[in-house]
Structure formats: structure tokens, C-alpha cells
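The lines below spell out each chain.
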Amino acid sequence: MNPFEFITVALDALRTNRLRSALTMLGVIIGVAAVILLVALGEGTKNYVEEQFAGLGANILIVTPGKVETRGGPPIIGAARHKLTLDDARILEKKGYLFGGVAPVVFGSAEIRLGSRSRNVTVLGVTPAFSPVRNIFVEVGSFVTDADVDAKRRVCTLGRTVKRELFGNSNALGQVVKIAGSRFRVTGVMERKGVSLGFDIDDIVFLPVRTAMDIFDTDALVEILISVRNKNDIDSGKELARLLLFKNHNRHEDFTITNQAAMLSSLFTILDTLTYVLGGIAAISLLVGGIGIMNIMLVTVKERTNEIGIRKAVGARDRDILLQFLLESITLSASGGVGGMLLGMLGAGAIRVLVPKMPVAVPPWAIILAFTFSVFVGIFFGVYPARKAAALHPIEALRYE
């Protein structure tokens, strides 16, 4: 027989026992669909995290006080740690030829009040560079200016959530609010950013960095954000920042510089591992489906023993019988693979519609991999029944009742 005839015979055999074939394929369908769905959830989560990081600026270096390492003997009691200061930020801004922006940040929490309404909010003391570096821009009015910073003006820019909770639909520009008991004039309202990495960007109040230092009675920065102009200069920019701060700190490296892209890469490694583990767990159900295919094919061989004897009696070779039953097994698994692909993609689409906040992305490689594995399962678990059928002696097969 030619290959087309083999496939025709295999399809006819499956149509003869439609219910049994459908139930056998169900295990493969569920396995393939589970692999696609779980991988889609993992990939969707990766895309979501990448979008969140991208939404908070690109090519970012984060300088924090203190060195993250353990060295030497026990800690010295009373030893002081060098702080990050505005002078550090000025040095980086003045001599950092690779940097597109340098944004010193003071962090605190305070009560903001308007009349009888009050709200505890996160307060960031920043400079004008913070807006482009962190990709957060004002929608109405103006952001913190250099003049505001230099003059320590009592002005503020409100996040959308803060504006809504205090002013509702009223215009907030030019209005006076109290922050930590001091009067501030609202000069701007930020654009809506939503929640990013579990933090509500809209629930923040921005003050000039020097003003925030006065309010929180500190001269230390919580961090300095650096935007590197060229993505390819990230490592060079990190080394440049390290050398500038090292020199400015009297040759003490009492600070840590973190590459945001490296943080994202490490997170991706964890997410990839989790995706592969989930996909592997789902693939176990494919193996269970393969065992079902082997079981059904063994039953089929037994039921069609006489047929095998007749085929061999009229000239069919052992390899013809083996190929016939192996094709039936592959057809079962491939049909289940196609059904699983459709079910997996429909499931992913249903999740997008029913749970919009859950990130789902079906990568083409997951579909191809799941289908290929399903075909492999059909081959692997179909070989033994096919070989058993091919090994039958024609005379004994014809005598089988």
C-alpha cells in the first residue's frame, strides 16, 4: 500500500469506533490544552512585568546608600555610613557624560489635608529630571521646576488618585492644601499611570526635593535615579557612576548601583523557570493520554487479529502491518493535539475576556511544542502495539477466535 492508503485505512479504523477514539483523544486534548494555557499564563506574566518596568523608564541605574556585601570582621559599633546627598547628584549630573538625566529622590509619608478631607500619602521629593527619567509626566499644570527646588517653594504636584479623593471633579490648580501641617499650593496634576508592580503611582504627592528635606528633617537621599542615554552604555554608565561617587565619597564605596535591566533579567529567569515547571507538570497529562493510546491500540490489535492474519496471508509484510497500526496511533495523538491546540487558544481567549487583569499571551513556540510532543507521544506509545501486531504469525492469527 502507498502512504495515502495507509492513512485512509487508519482513519477508517478510527471512524469505526468513534466514541472509543474520542475518549482516547480526550487525554491528549486535555494535556495539550493544559500545556498551552499554563505557558500562556507564564508568558503573559513576563510581558506584564516587562511593560511595568518599561513604563517606569528605560536604561535606568538606581543608586542607593550602603554597600550590599559582607567583608572583613564584625561590624564596628558606632561606625557611620556615608549618605547620598544632593552634592552626589550634582556631581553625577555635571560629569556624567553618558547620562541623560539624574534624579535625586527623598521619600516619606505624610498627611495631606483639604478642609475636612485628609489622606495619608506617599511623598516624593524630586527635581524636574524625575519626570523624564521615570517616564511620569504632568497632565494639567506644571511639574516641579528648578526654581521651585532652589527657592524651596511650598508647591506640590498631585497624583490622580490624590486629586480625585481631595478635590473630586473640582479644579485643583492654584488651590492650597496642607501637607505635614504646612501649606502648599497645587501647581500640577499628574497623568494617570495606575498600579505598577504593586505600587499605586497615582497615589503620590511630588514636592521639590529641598522642600521635602526640610519637611522630613533630613539631608539624605533615599536613592538617585540615573537614565543612561544609550542602552549599549549601561555597563559603562554604571562604572562611570561608581567612579564619580567613589571619588566624591573620599574613596569609599559605601553605595550600591543597581541596573534595572539586570533586575528584570533576573526576574525573567525566575519566571522562565516557573513557566517550564508548569509546562512540564501539564505535560504529564500528555503522558497519561499516551498510556491510554497504548491501551486502546493493544485492544485494537487483539480485536483485529483475524484481519492481520488475512492481510499477511495475501502478502502484507511485517513492516506494512507495523506502519498501519503505528499510523493509527499517530492519527489519534495528532487529532488530539489539534483539538488541544484549539481548546488551549480558546481558553486563553476566554481568560482575556472574563479576567482582563490576568495577563495571558500564547507564544507560537508553545503551540508548536505541544503539538509536536503530542505526536511524539503517539509514536512512542504506539510502537509496542504496532510491533506486537506485526509479530503475529499469519496461521495463528487466522485461527484466533
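Residues numbered from 1 in each chain as written. Predicted model: local features only at pLDDT ≥ 70, side-chain atom pairs only at ≥ 80, totals over all residues. Heavy atoms only, no water.

**Description of the overall build of the chain**
Here's step 1: Scanning the chain for helices and strands turns up 13 helices and 12 strands.
Here's step 2: Among the 401 residues that make up the chain, the fraction classed as buried is 44%.
Here's step 3: Sequence-distant contacts in the chain: of pairs separated by 6 or more residues, those separated by 24 or more amount to 80%.
Here's step 4: For the chain, the accessible surface area stands at approximately 21000 Å², while carbon and sulfur atoms represent 59% of it. (Helix = DSSP H or I, 4+ residues; strand = E, 2+ residues; numbered from the N terminus. Buried < 20%, exposed > 50% of the residue type's maximum accessible area, 1.4 Å probe, protein only. Contact = heavy atoms within 4.5 Å. Areas by Shrake-Rupley, 256 points an atom, 1.4 Å probe, with all protein chains shown as cover.)

**Looking at the nonpolar core**
Here's step 1: Judged by nonpolar contacts, the single largest core of 61 residues is most densely connected at Phe-130 and Ile-179.
Here's step 2: Per element, the largest residue contribution to this core is 7 residues, and it comes from strand β2 (residues 99-114).
Here's step 3: In this structure, Phe-130 is in contact with Ala-103, Val-105, Leu-124, Asn-135, Ile-136, Phe-143, Phe-206 and Leu-225, ignoring residues within four places of it in sequence. (Core = buried A, V, L, I, M, F, W, Y, C linked by side-chain atoms within 4.5 Å.)

**With respect to the environment of Leu-114**
Here's step 1: With respect to the secondary-structure elements, Leu-114 resides in strand β2.
Here's step 2: For the pair formed by Leu-114 and Leu-166, sequence separation is 52 residues and the distance between their alpha carbons is 6.4 Å.
Here's step 3: Every residue in contact with Leu-114, bar those within four places of it in the chain, is listed here: Leu-166, Phe-167, Val-176 and Val-177.

**What to know about the side chain of Ser-131**
Here's step 1: Within the fold, Ser-131 resides in helix α4 (residues 130-133).
Here's step 2: Classification of Ser-131 by relative accessible area gives buried; the value is 8%.
Here's step 3: One polar contact links the side chain of Ser-131 to the main-chain carbonyl oxygen of Ile-136, over a distance of 2.5 Å.
Here's step 4: If near-sequence neighbours (up to four positions away) are discounted, Ser-131 is found in contact with Ile-136, Phe-137 and Phe-143. (Polar contact = N/O pair within 3.5 Å; in protein donor to acceptor, adjacent residues only side chain to side chain.)

**Remarks on the pairing of strand β6 (residues 176-179)**
Here's step 1: Here β6 shows a buried face lined by Val-177 and Ile-179 and an unburied face lined by Val-176 and Lys-178.
Here's step 2: Bridge analysis of β6 against strand β7 (residues 182-190) gives 4 bridges, and the strand direction is antiparallel. Each residue of the ladder has a partner; that of Val-177, found in β7, is Phe-184.
Here's step 3: Connecting the antiparallel pair β6 and β7 is a turn made up of 2 residues, with Ala-180 showing a positive phi of about 55°. (Pairing = 2+ DSSP bridges.)

**Some words on the packing of aromatic side chains**
Here's step 1: Following the criterion strictly, the structure yields 5 aromatic pairs and no others.
Here's step 2: A ring pair is formed by Phe-380 and Phe-381, whose centres lie 5.1 Å apart and whose planes are at 85°; its orientation type is edge-to-face.
Here's step 3: Owing to a relative accessible area of 11%, Phe-381 belongs among the buried residues under this scheme.
Here's step 4: Three or more aromatic residues joined by ring pairs form one cluster here, namely Phe-373, Phe-376, Phe-380 and Phe-381. (Phe/Tyr/Trp six-rings, centres within 6.5 Å; stacked < 30°, edge-to-face > 60°.)

**Describing unusual backbone geometry**
Here's step 1: The backbone of Lys-152 shows a phi angle near 55°, a positive value even though the residue is not glycine.
Here's step 2: Tracing the backbone shows Lys-152 in the loop between α5 (146-151) and β5 (155-158).
Here's step 3: Although it is not a glycine, Ala-180 sits at a positive phi angle of roughly 55°.
Here's step 4: Residue placement: Ala-180 occurs in the loop between β6 and β7.
Here's step 5: Ala-180 gets classed as partly exposed once you look at its relative accessible area, which sits at 44%.

**Structural notes on helix α6 (residues 160-167)**
Here's step 1: Counting buried positions along α6 gives 6 out of 8 residues, so the element sits mostly inside the fold.
Here's step 2: Count one or two residues on from α6 and you reach Gly-168, which has phi positive near 60°.

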